[in-house]
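Here are the chains, one letter per residue:
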2 protein chains.
Amino acid sequence: MLGTLRLVAAAPSLDEVDRLLVEELMADGRATLAALAEKAGLSVSAVQSRVRRLETRGVIRGYSASVDPTVLGLALSAFVALTPLDPTVPTEDVPDRLRGLPAVEACYSVTGAAGYLLLVRAGSADRLEHVLQEIRAISRAGTHTAVVLRTFFER
Amino acid sequence: MLGTLRLVAAAPSLDEVDRLLVEELMADGRATLAALAEKAGLSVSAVQSRVRRLETRGVIRGYSASVDPTVLGLALSAFVALTPLDPTVPTEDVPDRLRGLPAVEACYSVTGAAGYLLLVRAGSADRLEHVLQEIRAISRAGTHTAVVLRTFFER
DNA sequence: CTTGAAAAGGCCATGAA
DNA sequence: TTCATGGCCTTTTCAAG
C-alpha cells in the first residue's frame, strides 16, 4: 500500500466541503458557523472544527475589513518596476527590507527585464516621490513607475 | 463664514476614533466590539454605532478571509498590461467586461503606454494562456505579460 | 461525523443623559 | 454622541453514539 503515501505538508489539498467553506469566508469573512453549516449541509460542530483546521493549517491566513483607500488618505497608488543597476549583485534581501516601508503594499518578483514589481500606496505625489527615493536607496535599482489613474476593481 | 463650507459626500473624513477602528478592523476583521471598545476607550455601544456607520457610509466595504492562493489551485499569478490596438477606439466598457472573468483579480488604468494593468490568477500555464485569449478578445488590445515568479508579500 | 445540552460571551435595541 | 442594561443569538465545550 505504498502507493497511498502522500506528502501533504507543503500543499494540503482540500475536499469539497473545505473548498465551499473557504469560498464562503472569502465572500463574507463574518459569516456565522450556523450559516456555513447550512450551506455545507453539515452540523455546526463539524463546520467549526473544519474552519479551525483551515485556520491552523494556514489555508485561511486571517480576516480583514476591506476599506475604501481614498478615505484613508491613500488616494495615490502606483506600480513600481525595479531594474537592478548592477545585475551581478545579488538582491535576495531586498524584499525583506522593502517590507519595512509601510507604503509598499505588495512585492513580487516577475519575469522580464524588471526583477521586482511593487504596489505602492501614498497620500500625495510628494509622499510618493519620497517613497520612491527610499525604494531606490534600499534596492540599488532603477525605478519605472506607472501611476494608477483609476482602480476599477480589486478582489 | 462661507470658507467653512465643505463637500463631505464624496470623501467623508474620519475622526481619530474612526481611524483607530478602521485600522483595527483591517488587521483583524473579526475583532469583537468589546475588544475594539477597550482599545478606543469607549463603551461597546458607542463603538457599535460607529462601526455600523462606517459600514453604511461605505468606508468599510466588507469583510473577507484571506486565503493562501496556492491551496486554491491558483499557483500562477501574472500582471498583464493592455495596450489598445487602435488608440482612437474608446475602451470605457472594458473594465466592466473584464470583471466578468473570475481570473482577473484587479483592474487598473495607469499612466504610460499601456492603458490598463491587470492582475490575473490562474491554476496553470494552460489556464493562463486561455485567460489571456479571453482578455485580448474582450479588450481589443495587445497584452504584455509579466508572470509572477514569487510573491514576497501582499498586505 | 452527528446530536444535544449547558455555559459563556458577544450583539443589538432600548432608555436616559 | 455617549453610557448602562437586559434579551437574544452565537460560539464554545463537553458527552455520548
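All values reported here derive from a predicted model rather than from experimental measurement.

How each quantity is defined
Residues numbered from 1 in each chain as written. Chains lettered and ligands numbered in written order. Predicted model: local features only at pLDDT ≥ 70, side-chain atom pairs only at ≥ 80, totals over all residues. Heavy atoms only, no water. Buried < 20%, exposed > 50% of the residue type's maximum accessible area, 1.4 Å probe, protein only. Helix = DSSP H or I, 4+ residues; strand = E, 2+ residues; numbered from the N terminus. Arc of directions from axis to C-beta. Contact = heavy atoms within 4.5 Å. Buried area = accessible area lost by both parts, 1.4 Å probe. Salt bridge = Lys/Arg side-chain N within 4 Å of Asp/Glu carboxyl O. Nonpolar A, V, L, I, M, F, W, Y, C, P; charged D, E, K, R; others polar. Pairing = 2+ DSSP bridges. Near = heavy atom within 4 Å. Expected span 1.5 Å × (residues − 1). Polar contact = N/O pair within 3.5 Å; in protein donor to acceptor, adjacent residues only side chain to side chain. UniProt positions renumbered as here; feature names shortened; annotations may be inferred.

An α-helix turns once every 3.6 residues. As a result, residues three or four positions apart point the same way. Residues and elements named next belong to chain A. Within the sequence span of helix α2 (residues 33-40), burial applies to Leu36, Ala37 and Ala40. Along the axis of α2, the buried positions cluster into a sector of 100°, meaning they face one direction only. Residues of α2 that are exposed and angled more than 90 degrees away from the buried face: Glu38 and Lys39. Elements in contact with the buried residues of α2: α1 (16-27) and α3 (44-56). Looking at the residues trailing α2, positive phi occurs at Gly41, about 75°.

On to the interface of chain A and chain B. Residue-level contacts link 53 residues of chain A with 53 residues of chain B. When chain A packs against chain B, close to 5000 Å² is buried across both sides, 57% of that on carbon and sulfur atoms. With a closest N to O distance of 3.5 Å, Asp68(B) and Arg61(A) form a salt bridge. Mapped onto the side of chain A that touches chain B, the elements with two or more residues apiece are α1, β1 (60-67), α4 (94-98), β3 (104-110), β4 (116-122) and β5 (141-154) of chain A. Taken together, the residues of the side of chain A that touches chain B sort by class into 34 nonpolar, nine polar and 10 charged. One ladder, built from seven bridges, connects β1(A) with strand β1 (residues 60-67) of chain B; its direction is antiparallel. Bridging from a neighbouring strand, Val67(A) pairs with Ile60(B) of β1(B).

Around DNA strand C lies a shell formed by Leu42(A), Ser43(A), Ser45(A), Ala46(A), Thr32(B), Leu33(B), Ala34(B), Gln48(B) and Arg52(B). Elements supplying a minimum of two residues to the surface near DNA strand C: α3 of chain A together with α2 (33-40) and α3 (44-56) of chain B. Across the surface near DNA strand C, the residue classes tally to four nonpolar, four polar and one charged.

To continue, consider helix α1 (residues 16-27) of chain B. If you check α1(B), its first and last C-alpha atoms are 17 Å apart, about what 12 residues at 1.5 Å a residue would give, namely 16 Å. Buried within α1(B) we find Asp18(B), Leu21(B), Val22(B) and Leu25(B). Burial along α1(B) is one-sided: seen end-on, the buried residues are contained in an arc of 100°. Away from the buried face of α1(B) by more than 90 degrees, exposed residues Glu16(B), Glu23(B) and Ala27(B) are located. Looking at the buried side of α1(B), the elements it contacts are β1 of chain A together with α2, α3 and β1 of chain B.

Moving on to the protein's contact with DNA strand D. Inspection of the region around DNA strand D gives Thr32(A), Leu33(A), Ala34(A), Gln48(A), Arg52(A), Leu42(B), Ser43(B), Ser45(B), Ala46(B), Arg50(B) and Arg53(B) as its neighbouring residues. In this structure, Leu33(A) approaches DNA strand D through a main-chain N or O atom, which is 3.0 Å from a phosphate oxygen. Note that a phosphate oxygen of DNA strand D is positioned 2.9 Å from one of the side-chain N or O atoms of Arg50(B). Of all the secondary structure elements, the ones that give two or more residues to the surface near DNA strand D are α2 and α3 of chain A together with α3 of chain B. No other element matches α3(B), which puts four residues into the surface near DNA strand D. When the residues that make up the surface near DNA strand D are grouped by side-chain class, the tally is four nonpolar, four polar and three charged.

Okay, the UniProt feature "domain: HTH asnC-type" (unreviewed entry) in chain A next. Here the UniProt-annotated "domain: HTH asnC-type" (unreviewed entry) positions come out as residues 14-75 of chain A. In residues 14-75 of chain A, the share of helix is 53% and the share of strand is 13%. The end C-alpha atoms are 38 Å apart.

Now for unusual backbone geometry. Residue and element names in this part refer to chain A. With a phi angle near 45°, Arg140 is a residue other than glycine that sits in the positive phi range. Inspection of the secondary structure assignment puts Arg140 in the loop between α5 (125-139) and β5. Judged by its relative accessible area of 57%, Arg140 is exposed.

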